[in-house]
Amino acid sequence: QVQLVESGGGLVQAGGSLRLSCAASGRTFSSYVMGWFRQAPGKEREFVAAISWTGGNTYYTDSVKGRFTISRDNAKNTVYLQMNSLKPEDTAVYYCAAARGRSWYRTLVDEYDYWGQGTQVTVSS
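Residues numbered from 1 in each chain as written. Predicted model: local features only at pLDDT ≥ 70, side-chain atom pairs only at ≥ 80, totals over all residues. Heavy atoms only, no water.

Trainee: How would you summarise the environment of Pro88 if you had to cite specific residues and measurements?
Mentor: With respect to the element layout, Pro88 can be found in the loop between strand 8 (78-83) and strand 9 (92-99). A residue is classified by how much of its surface remains accessible, and Pro88, at 35% relative accessible area, is partly exposed. Residues in contact with Pro88, not counting those within four places in the same chain, are Ala14, Val123 and Ser125. (Helix = DSSP H or I, 4+ residues; strand = E, 2+ residues; numbered from the N terminus. Buried < 20%, exposed > 50% of the residue type's maximum accessible area, 1.4 Å probe, protein only. Contact = heavy atoms within 4.5 Å.)

Right under this line is the structure:
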């Protein structure tokens, strides 16, 4: 089992940057595909980015391409989401998630096995 704890959220002005971190427990972190999702009030949880086991493959939803970067440090059991050029529509609770299995391309909520508690990101205009 993996326990995930996000940090780094906060309030930022439009155009600013934040870096989210997600620390994982356990010794098998490198065997999980990691993803970031977000959920705005009144909306469904949506995919943001995913990264493969060694970080060699990444995938982003269209709305964050060129602005967000997902990365991981397997030695530190941590996955990151660097968010630049933030917009008010990026405001949401951001969740990290871990997925077992053989495919690194995971964009659906149901494809992930473990979730963090979330961290709030608020972008003011």
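Trainee: Which residues make up the state of the cysteines, and what are the values?
Mentor: Covalent bonding between the sulfur atoms of two cysteines defines a disulfide. The tally for this structure, following the rule as stated, stands at 1 disulfide. In this model Cys22 forms its disulfide with Cys96; the gap between the sulfur atoms is 1.9 Å. When the S-S torsion is 40°, as for the bridge of Cys22 with Cys96, the disulfide is right-handed. A residue pair is termed long-range when its members are at least 10 positions apart, and Cys22 in strand 3 (residues 18-24) and Cys96 in strand 9 qualify at 74 residues. For Cys22, a relative accessible area of 0% puts it in the buried group. (Disulfide = S-S within 2.5 Å.)

Trainee: So, the pattern of salt bridges: which residues are in play, and what are the values?
Mentor: Summed over all chains, the structure comprises 5 salt bridges. Taking the shortest distance from any N to any O, the salt bridge between Asp90 and Arg38 comes out at 2.9 Å. Of this pair, Asp90 sits in the loop between strand 8 and strand 9 while Arg38 sits in strand 4 (residues 33-39), and the two are 52 residues apart along the sequence. There is no split in this pair, since Asp90 and Arg38 are both buried. Where Arg67 meets Asp90, a salt bridge forms, and the shortest distance between an N and an O atom there is 2.8 Å. (Salt bridge = Lys/Arg side-chain N within 4 Å of Asp/Glu carboxyl O.)

Trainee: If you had to explain the nonpolar core to someone new, which residues and values would you point to?
Mentor: In this structure, Leu4, Met34, Trp36, Leu81, Met83 and Tyr94 are the most contacted members of the largest nonpolar core, which totals 29 residues. Listed by contribution, the elements that provide at least two residues to this core are strand 3, strand 4, strand 5 (46-51), strand 7 (68-73), strand 8, strand 9 and strand 11 (119-124). Formed by 7 residues, the second largest nonpolar core is a distinct cluster that contains Val33, Phe37, Phe47 and Ala97. (Core = buried A, V, L, I, M, F, W, Y, C linked by side-chain atoms within 4.5 Å.)

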